[in-house]
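Examining the three-dimensional arrangement
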Amino acid sequence: MNNPLLEDFYFPPFSKIQPQQIEIAIDQRLAEAREIVADCLAKTDEYNWENLIAPIETAEDRLHRSWSPVSHLNAVLNSEELRQAYNACLPKLDDYATEMGQNKALFKAYQSIIASENFAQLMPDQQRFIHNQLRDFHLSGIDLSAELQQRYKEISQQLSKLSSTYEEHVLDATQAWSKLITDVNELAGLPESALAQAEQLAAQQQQKGWLINLQFPSYYAVMTYADNRELRYQHYYAYTTRASELGEHPEWNNSPIMQQILALRHEMAQLLGFANYAELSLATKMAKNPLQVMDFLQQLTQKVLPQARAEFEELQQFAQQYYHIEEIKAWDMMYLAEKLRQYRYQLSQEEIRAYFPLPKVLSGLFIIVEKLYGLQIQEINEFDQWHPDARLFVIHDQDNQLRGYFYLDLYARAHKRGGAWMDNAVDRRQTDKGIQIPIAYLVCNFTPPMENEPALLTHDEVQTLFHEFGHGLHHLMTQINYAGVSGIHGVEWDAVELPSQFMENWCWEKEALHLISAHYQTGEVLPNELLNKLVELKNFHSGLMMIRQLEYSLIDFRLHQEFNPNQADFITEMVNSVRQQTAVILPPDFNRFIHSFSHIFAGGYAAGYYSYKWAEVLSSDAYSLFEQQGIFNRQTGLAFLTAILEKGGSAEAMQLFKDFRGREPEMDAFLRHNGVLISA
Ligand code: ZN
């Protein structure tokens, strides 16, 4: 039987992938890569880019292209068989990475390239790639004794396994809870569209009534609209206790896993000579040391806290006056915020939604990037899909050059990981046959469309789409030809959210809103009155929103900076300690959000969640140039494209920013965009 993952494909053969063939394919790709490395090292002792780095990159790219569809399917179309195959490969991939990072002969070969006369002749992006590699040898334990190297390897393996288990628990716990409602009065307050969704969910399970579950669209609808306070409480309880000891399935409790992950990260950091994992994490970031990150977060917290408190105070008064709620609970927040929004602006999220049918938003987004960068985007109708929701698009630039492809998979469904993300399917790089054109996955969890109607997005969802599309452009528009520093590779992680948050700005501009909105029934563009209100809404509760992001950032960073292996309740204590400082409303004792905080326990944001705010300073400041020169100014757009998007990780993020902005980043635009009043 042929193994589709070992065939020479460009677009991944999703529909042909058999779980039982995955491990065989990965074994073979790993064996090939090991052989290439050994061959290259043995053939000569005068190493250079062509005889060492390029062939290894080619082998590792082949490995990546076989693995990427597996990892993608595991996230969007999870099954028991796939999960097993995926988990069987993880330690092997991890071993390979550690083995290369600790390969002394390879390390020496890299050193000899840097010391050689030819090094100066290499392109700056090649030089940066080699410098990054040398740094990563140290971060993989090249300097350790054989015994400690072995320990490093064990830690690294355990960490990837634990992260995978953490994510599985979140997915399983999310899927396990649902509630069938047979009396529609219990759902009073929910808009028609949300009721129809709940009815559709029930019908999919051959049940009569309305089904609510823990996928985000359902959670969002109940928390924002359900008048029934008890129902909101139940839903909130189920959502915030997922994968914890309070959930209905103690076997999915993430408590011991989080403790182990933190302990192993701490041990790894100390093995490598760092005081803690926060320091290790910053070795590959823009921020220079933990103090700088903590200063940044603390100062911002001080600035924002008074505003967040005032917003909450106002909400509390509103709740007492109109809803007879004496004390706002966590499960009242979204509900009351929506009521206040309606009261003050006479504008409901539901009303807004009718103006953002997905096809219009998408075509508007494409027009915006055409105006900015001259890009042309077309849909490709025939391709190998993993699910009927999957779509494929191609991008050409203003010179009609092919630049990349991206897949979209936008709607929430069972067996799909929550949240939204961009991932690289294929990287841009130079090959024997020419340039390999990059491919991206863009995944979201929007409310699915009802029969015969387009999906209608909330304005938050519109921003999410723009955000992920920004990441996508960073990966796809790169002109760097070495995979290690092309696209998002090699970019300091706290700068990675620059292109994504940058794109979100257009969601708030009148001229752009005209392009991305049209009433799904009448085709009418967003009337001026609504449009003005929407723009005004931008700063509604911005203090509360920002303080929550800062709380997450502080919890994440301090968990990694101050970890104490001898303190059993360290995590709970730390969460409480940060909340004492930041919370305007203390969440209930049962809230276990940290048990499903995948960003830091199963993603790349460990001691790096602060990156969102850090990079937002960059993205706001970059955007302020468009505010000055016109939001569709092609020249400014092309300058951003060439200085930032095309350069990937080929130079330091600070340098690229300065190339674009002509100076170091400043904070004013960031505060202004967030409606934070700078107190004198
Ligand atoms: Zn992002």
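Data block above holds the structure.
So, how was this worked out
Residues numbered from 1 in each chain as written. Predicted model: local features only at pLDDT ≥ 70, side-chain atom pairs only at ≥ 80, totals over all residues. Heavy atoms only, no water. Phe/Tyr/Trp six-rings, centres within 6.5 Å; stacked < 30°, edge-to-face > 60°. Helix = DSSP H or I, 4+ residues; strand = E, 2+ residues; numbered from the N terminus. Buried < 20%, exposed > 50% of the residue type's maximum accessible area, 1.4 Å probe, protein only. Lys NZ or Arg CZ within 6 Å of the ring centre and 35° of its normal. Pairing = 2+ DSSP bridges. Axes fitted to C-alpha atoms, helices over the stretch in contact; angles between N-to-C directions. Left-handed = near helix turned anticlockwise from the far one by under 90°. Contact = heavy atoms within 4.5 Å. Core = buried A, V, L, I, M, F, W, Y, C linked by side-chain atoms within 4.5 Å.

1. Concerning the packing of aromatic side chains
Here the structure, examined in full by the defined rule, presents 59 aromatic pairs. Ring centres of Trp49 and Phe129 lie 5.7 Å apart, and the angle between their planes is 65°; this geometry places the pair in the edge-to-face category. Linking Trp49 in helix H2 (residues 49-76) with Phe129 in helix H5 (residues 124-139), this pair joins segments that are 80 residues apart in sequence. The exposure classification of Trp49 matches that of Phe129, with both residues buried. A ring pair is formed by Trp493 and Tyr605, whose centres lie 5.3 Å apart and whose planes are at 85°; its orientation type is edge-to-face. Remark: Tyr605 occurs in the loop between helix H22 (598-601) and helix H23 (611-629) and Trp493 occurs in the loop between helix H16 (459-476) and helix H17 (498-504); sequence separation between them is 112 residues. Of the residues examined, Tyr605 reaches a relative accessible area of 12% and is grouped as buried. Against the face of Tyr277 rests Arg265, its NZ or CZ located 5.5 Å from the ring centre. In this structure, Lys371 is placed above the aromatic ring of Phe632, and the distance from its NZ or CZ to the ring centre is 5.2 Å.

2. Focus: the pairing of strand S4 (residues 391-396)
For S4, the tally of buried residues reaches five of six residues, placing the bulk of the element in the interior. Bridge count for strand S3 (residues 376-380) against S4 is five bridges, and the pairing is antiparallel. Within S4, the residue paired with Glu379 across the bridge is Phe393. Adjacent in sequence and paired antiparallel, S4 and strand S5 (residues 402-411) are bridged by five residues, among which Asn400 carries a positive phi angle near 65°.

3. Notes on unusual backbone geometry
Phi angles above zero are rare outside glycine, and Gln206 is one such case at about 55°. Looking at the element boundaries, Gln206 is found in the loop between helix H7 (192-204) and strand S2 (210-213). Using a relative accessible area of 71% as the deciding quantity, one classes Gln206 as exposed. One non-glycine residue with positive phi stands out, namely His415, at about 65°. Tracing the chain through its elements places His415 in the loop between S5 and strand S6 (421-426).

4. Things to note about the packing of helix H8 (residues 216-225) against helix H9 (residues 229-240)
Look at H8 against H9: their axes get within 9 Å of each other, and the N-to-C directions meet at 145°. Here H8 and H9 pass one another in a crossing that is left-handed. On the side of H8, the interface is formed by Phe216, Ser218, Tyr219, Val222 and Met223, while H9 contributes Leu231, Arg232, His235, Tyr236 and Tyr239.

5. Some thoughts on the nonpolar core
Counting 148 residues, the largest nonpolar core has Phe406 and Trp506 as its most contacted members. In terms of residue count, helix H12 (residues 290-323) provides more of this core than any other element does, twelve residues in total. Excluding residues that lie within four positions of it along the chain, Trp506 makes contacts with Ile368, Leu372, Phe466, Ala512, Tyr623, Phe626, Ile631 and Phe632. Of all hydrophobic cores here, the second largest spans 59 residues; its members include Leu41, Leu73, Ala85 and Tyr86.

6. Some points on the environment of Thr98
The topology assignment puts Thr98 in helix H3 (residues 80-101). The class of Thr98 is buried, set by a relative accessible area of 3%. Each C-alpha atom of the pair Thr98 and His324 lies 60 Å from the other, and the pair is 226 residues apart in sequence. Apart from the residues within four sequence positions on either side, Thr98 is in contact with Tyr152, Lys153 and Ser156.

Honestly, that's just the spatial picture; any functional story needs more than this.
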